[in-house]
Amino acid sequence: MKLTAQKTKYFTEQLMHWHEYENDRSLPWKEERNPYKVWLSEIILQQTRAEQGLPYFLRFTEQYPTIGSLAAAKDDDVFKLWQGLGYYNRCKNMLVAARYITAELGGVFPNTYEELLQLKGVGAYTAAAISSFAFGLPQAVVDGNVYRVLSRFWAIDTPIDTTEGKKLFTNLAEQLLDKKNSAKYNQAIMDFGATVCTPKLPNCALCPLAGKCAAQKQSMIHLLPIKSKKVKVKNRFFHYVIFHHQDDIWITKRGTGDIWENLYEPYLIEGAKILDEKEVVAALNKGKIKVGDLVYEGTLKQRLTHQLIQFQFYTCRVAKKENIEDGVWVKKEELKAYSFPKTLVSFFEKKLYF
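Residues numbered from 1 in each chain as written. Predicted model: local features only at pLDDT ≥ 70, side-chain atom pairs only at ≥ 80, totals over all residues. Heavy atoms only, no water.

Chemist: Can you help me understand the overall build of the protein in this one?
Modeler: Along the protein, the regular secondary structure elements total 14 helices and 7 strands. Each of the 354 residues in the protein was classed as buried or not, and the buried ones make up 49%. Roughly 18500 Å² of accessible area belongs to the protein as shown, and the carbon and sulfur atoms make up 50% of that amount. Distance from the positive charge centre (49 side chains) to the negative charge centre (39 side chains) of the protein: 5 Å. (Helix = DSSP H or I, 4+ residues; strand = E, 2+ residues; numbered from the N terminus. Buried < 20%, exposed > 50% of the residue type's maximum accessible area, 1.4 Å probe, protein only. Areas by Shrake-Rupley, 256 points an atom, 1.4 Å probe, with all protein chains shown as cover. Lys, Arg positive; Asp, Glu negative; His and termini not counted. Charge placed at Lys NZ, Arg CZ, Asp CG, Glu CD.)

See the structure below:
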């Protein structure tokens, strides 16, 4: 990588010109300077596309317009509003941070990069984004879009998921930053990666940086950026038994230390493989739950970052409300008031539970 003052200046100036005159990507948080709303948008956008996060941002800012209102909210209400967005640990961390700011900092948002890093759920990228967008500090953001744009423009083949790669790209991003207009520059490079220098089918014909793009000259566009590690996927097999008693359905809240913490679900049997009906009944009996006939209701799959989960669904009507571990019986029409993982929501909607 040959980093010259001329090429560095060219990159920053072209990017800022594109942002000023050609970038028409409109999102409500782009002109936001309220640190609470900037922070909220960045938490929502962690591992989430802007288009998917937009309706959640609007709902959260309407329901909880201030950090104090979010901090005072009930956990279940916040998780319900988050439902469908995934990566629920973000929601848990968000509540911890909101309550810390309210209780320990008097509701005043931290205004330095170092202080922002102390908030639960805030890493280097999020701290840089908040300090730049909310407070105008000269902090360069480095997210997936930035990695892609920089690796292509300079044809950098250092893997982005290594210590060396993270340091290299962070240093490069800081050198390119327009320090007098950090918020505009950071927004520009992220929007550019999202709309022009996209992962697939980048619009090189309309790219204002194409004239000096090293990856284009070397036919490396679709090879960059490079990752050194392949994600290892763990297979899991969930068997849900939905107990009915008249119009009531039994559900329980998931505990800590696993996916979907604090969300609700029916009775779960996790197996090392897909179990047949006899094996499901045997597992129920082992848990001292005696049931009648099970009715098979179908199969679904869900892919998480490191997990592939296969679901089997059964329903079972019971004559009496037996005590089934720790859970509650809920009226069918009240299920909507509870927060469930995305796949369970899909199942309930399909089966007209709500």
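Chemist: Which parts of the structure should I look at to understand the environment of Tyr 10?
Modeler: One can find Tyr 10 in helix α1 (residues 5-21). Tyr 10 gets classed as buried once you look at its relative accessible area, which sits at 19%. A C-alpha to C-alpha distance of 28 Å links Tyr 10 and Arg 33, two positions 23 residues apart in sequence. Not counting chain neighbours up to four residues away, the residues in contact with Tyr 10 comprise Phe 153, Pro 208, Leu 209, Gly 211 and Lys 212. A distance of 3.2 Å separates a polar side-chain atom of Tyr 10 from the backbone oxygen of Pro 208. (Contact = heavy atoms within 4.5 Å. Polar contact = N/O pair within 3.5 Å; in protein donor to acceptor, adjacent residues only side chain to side chain.)

Chemist: Please clarify how the pattern of salt bridges should be interpreted in this entry.
Modeler: When the charged atoms of two side chains lie near each other, side chains of opposite charge can form a pair. Inspection of the entire model under this criterion finds 14 salt bridges. Measuring nitrogen to oxygen at the nearest pair gives 3.8 Å for the salt bridge that ties Arg 49 to Glu 51. A relative accessible area of 55% places Arg 49 in the exposed class. Taking the shortest distance from any N to any O, the salt bridge between Lys 253 and Asp 76 comes out at 3.0 Å. Taken together, the residues span a long stretch of sequence, with Lys 253 in strand β2 (residues 248-253) and Asp 76 in helix α5 (residues 75-82) at a distance of 177 residues. By relative accessible area, Lys 253 is classed as partly exposed at 36%. Owing to a relative accessible area of 29%, Asp 76 belongs among the partly exposed residues under this scheme. Each of Arg 25, Lys 30, Arg 49, Glu 51 and Asp 191 takes part in one network of salt bridges that share partners. (Salt bridge = Lys/Arg side-chain N within 4 Å of Asp/Glu carboxyl O.)

Chemist: I keep staring at the pairing of strand β4 (residues 267-271) and nothing clicks. Help me out?
Modeler: The side chains of a regular strand alternate between both faces of the sheet. Burial of β4 is one-sided: the residues Tyr 267, Ile 269 and Gly 271 facing one way are buried, the residues Leu 268 and Glu 270 facing the other way are not. Taken together, the 5 bridges between strand β1 (residues 234-245) and β4 define a ladder with antiparallel strand orientation. Looking at β4, one finds that Tyr 240 is bridged to Leu 268. (Pairing = 2+ DSSP bridges.)

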